[in-house]
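What follows is the residue order along each chain.
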Amino acid sequence: MSHPLDRYLRTDRLPHIWCPGCGIGIVVSAMLRAIDKHISEGHFSHDDVAVVSGIGCAARATLYLNFDSAHVIHGRAIPFAIGLKLVKPRLKVIVIGGDGDIAAIGGNHLLHAARRNVDLTVIMVNNMIYGMTGGQVAPTTPPTIYTTTTPYGNYEYPINVIKLLSALNTNYVARASITHPHLIERYIYKALSIEGLAFIEVLSTCPEVFGRHLGFKNAVEFFNKLKEMVRPYEKPPIERSDIVWGNEIVIGEYVINNREGFVRSVYKSLNKWCKG
Amino acid sequence: MKVEYLTGNYAIAEGAMTAGLKFYAGYPITPSSEIFEYLAKELPKVGGIVVQFEDEIASINAIIGASWAGVKAMTATSGPGFSLMLEGLSLAIMIETPLVIAYVMRTGPSTGIATKSGQYDVMQVRWGAHGNYEIVAYAPWSVQEAYDLTIKSFNVSELLRIPVILLSDATLVHLWERVVMKGPGEVVIVDRKKPKVPKDMYKPYEPDEDLVPPMACFGEGYRVLVESLTHDERGYYKTTNEVQRKLVWRLVNKVRKNKHLVVDSASYFVDDAEYVIVAYGTTARSVYALVKELRSKGVRIGLFRPKSLWPIDDDALVKACSKAKKVFVVENNVGVYVNEVCRFLKNKDVISIPVIDLDIPSPEDILNVMREWL
Ligand SMILES: Cc1ncc(C[n+]2csc(CCOP(=O)(O)OP(=O)(O)O)c2C)c(N)n1
Ligand code: SF4
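Residues numbered from 1 in each chain as written. Chains lettered and ligands numbered in written order. Predicted model: local features only at pLDDT ≥ 70, side-chain atom pairs only at ≥ 80, totals over all residues.

**Student:** Residues and numbers for the site of ligand 2, please.
**Tutor:** The full set of residues close to ligand 2 is A:Trp18, A:Cys19, A:Cys22, A:Ile24, A:Cys57, A:Asn127, A:Gly131, A:Met132, A:Cys206, A:Pro207, A:Glu208 and A:Val209. For the shell around ligand 2, the residue count by class is nine nonpolar, two polar and one charged. (Near = placed C-beta within 6 Å. Nonpolar A, V, L, I, M, F, W, Y, C, P; charged D, E, K, R; others polar.)

This is the structure in structure tokens:
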């Protein structure tokens, strides 16, 4: 029996590699529903969608997606996607990856993509840990938590990507959570209709690695803990965006701007140059 | 056809445009920046895009993305920037992406003397990236050849779906010389093969007989899968010896088996030569002057000049050196390419003549080092 979203999957490649109870699947299915809604409303076609990812558990999504897709190298999905988008502006280019992929090794590219307001939808699946490589500290890991490279507890302060991107006047900055899948879908749907950079952080669980670090007995316990902390707000103020493990975590659409996107400004200035 | 006075950098930029360049991404670095600046002015006029990125890592990944969007793409850099590009170069090799890197050598290690010349990086170009692969790199000795070999770099990259490196140096790119530029139809321009099978039958890494797979790009309806992991013909990640062997050998063999379409060299006065000097790039200019001078004094000496450093035109090398008692390899570094020459001249007396010079080793300096063997 086939599922209506199967057409967006390379079903011959299933089962996927994600661990039982991993949050990534929830993000991917919400993304597919958002894409499907646009396609069924005639905004763009199946062949107009391209997905690019780096390396990591979340980045593995491209292996299963039946779109033009690229699974490139760790941290470099954004520059690949920019090259693609500039040459073929018709494409809806989505970048998906983990917090390490997008905010650590790829952090500089994210920052400059935001500054330029490049027309991409960037989905950062934030599980606060390096999942694929076995549980090392991420730039998003909360302080004091045990990881395999901070066995004495994390002595760093985590990055707040929402705040960072808001300072760069990014056109769309939202935070969602796998505990609220309809909001992931709604934000990605919105992101796909926006000019310029649309960034969505999705809080996720890594029960296999991070769950063990945190002492959760199973995926459900971890999920329930996250659900207990997460609270959606309409247009929350940026000051509420810091994540403190154990406290309320605010999700919602933090920033909506209307700056000209990179593609339009590049083409406009090059056309003007050519006309003399 | 059009004749102009150009620098090496401008000739590389013009050659790229003749070859059909449509996307340039880069990060400024001496002595390559004029390629970027020239293209920033000129490329938009032929429908291309030029973007400065935040670093060389972004630049190479952006041109890989642009190439997968279906256009010819390039970047230019020098040692420090190329070091940053190596992971991307390995990716381009793995996912069979046509692109060109104009590498303008300066002194090293590290920041060295940014404005000054040398040939230190010929081995980095060959071996710098991780994994096993063949690399194609051309080393022009004149501004005209910079133009011509840039076109050839694009053609070979499209033909074999590989990254190709055009390796010049600080001296050449700042030299002004006369260049004959080709108009449309006056030079062969190669474009990547496109798939001929129905869309649902297409496999992105299924090669033709020449070992090169036809290339469907993004937005053409093929649902292509670009995969940096070890993959089968569909692009599906596989962890077996069989798939690893098949993939790596094909990536290597598509260059080796098509070597005749890639290699390039020139031989001068070698027919009766007792001594042959092997030299490449700008160093070969001084060597050529020296050879002519020694010839006028009756010395039976010749020059073999590889234009493709990687792979070397080994048949021509062996032929050029067939009568030689001694072979000298003159380089503007500590003597590194000499090892590649030795590989093909096992029974010859091959002598390394390294002459470090911030511009070009002069004929006198070269002769001074060589003299004891003549
Ligand atoms: C240049 C480079 N450095 C390191 C790695 C190893 N590596 C693979 S995935 C990864 C981090 C994964 O964490 P994240 O991006 O947060 O994704 P997750 O697996 O948690 O979804 C690392 C360090 C690599 N592939 N390439
Ligand atoms: S390691 Fe963690 S993030 Fe990766 S698939 Fe397993 S649960 Fe998910």
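And the narrative resumes.
**Student:** If you had to explain the interface of chain A and chain B to someone new, which residues and values would you point to?
**Tutor:** Residue-level contacts link 31 residues of chain A with 36 residues of chain B. Only β2 (68–71), α3 (77–87), α5 (107–116) and α10 (262–274) of chain A provide two or more residues apiece to the side of chain A that touches chain B. Here the residues of the side of chain A that touches chain B are counted per class, giving 18 nonpolar, seven polar and six charged. Pairing analysis gives three bridges linking β2(A) to strand β9 (residues 225–227) of chain B, with the strands arranged parallel. Residue pairing across strands places A:Ser69 opposite B:Leu225, the latter belonging to β9(B). (Contact = placed C-beta atoms within 7 Å. Helix = DSSP H or I, 4+ residues; strand = E, 2+ residues; numbered from the N terminus. Pairing = 2+ DSSP bridges.)

**Student:** An account of the sheet that holds β2(A) is needed here, citing residue identities and associated values.
**Tutor:** Taken together, the nine strands give an open sheet; going across it, the order is β7(A)-β8(A)-β5(A)-β6(A)-β4(A)-β3(A)-β1(A)-β2(A)-β9(B), and neighbouring strands pair in mixed fashion. Each having just a single partner strand, β7 (230–232) of chain A together with β9 of chain B make up the two edges of the open sheet. On average, adjacent strands in this sheet sit at an angle of 20° to one another, irrespective of strand direction. Of the strand pairs in this sheet, strand β5 (residues 172–177) of chain A and strand β8 (residues 249–256) of chain A are connected by four bridges, and their pairing is antiparallel. Looking across to β8(A), one finds that A:Arg175 is bridged to A:Gly252. Across the sheet, α3(A) touches β1 (49–53), β2, β3 (92–98) and β4 (121–126) of chain A, and the angle it forms with β3(A) is around 175°. Contacts from helix α9 (residues 219–229) of chain A reach β5, β6 (198–203), β7 and β8 of chain A within the one sheet, and its direction differs from that of β7(A) by about 45°. (Axes fitted to C-alpha atoms, helices over the stretch in contact; angles between N-to-C directions.)

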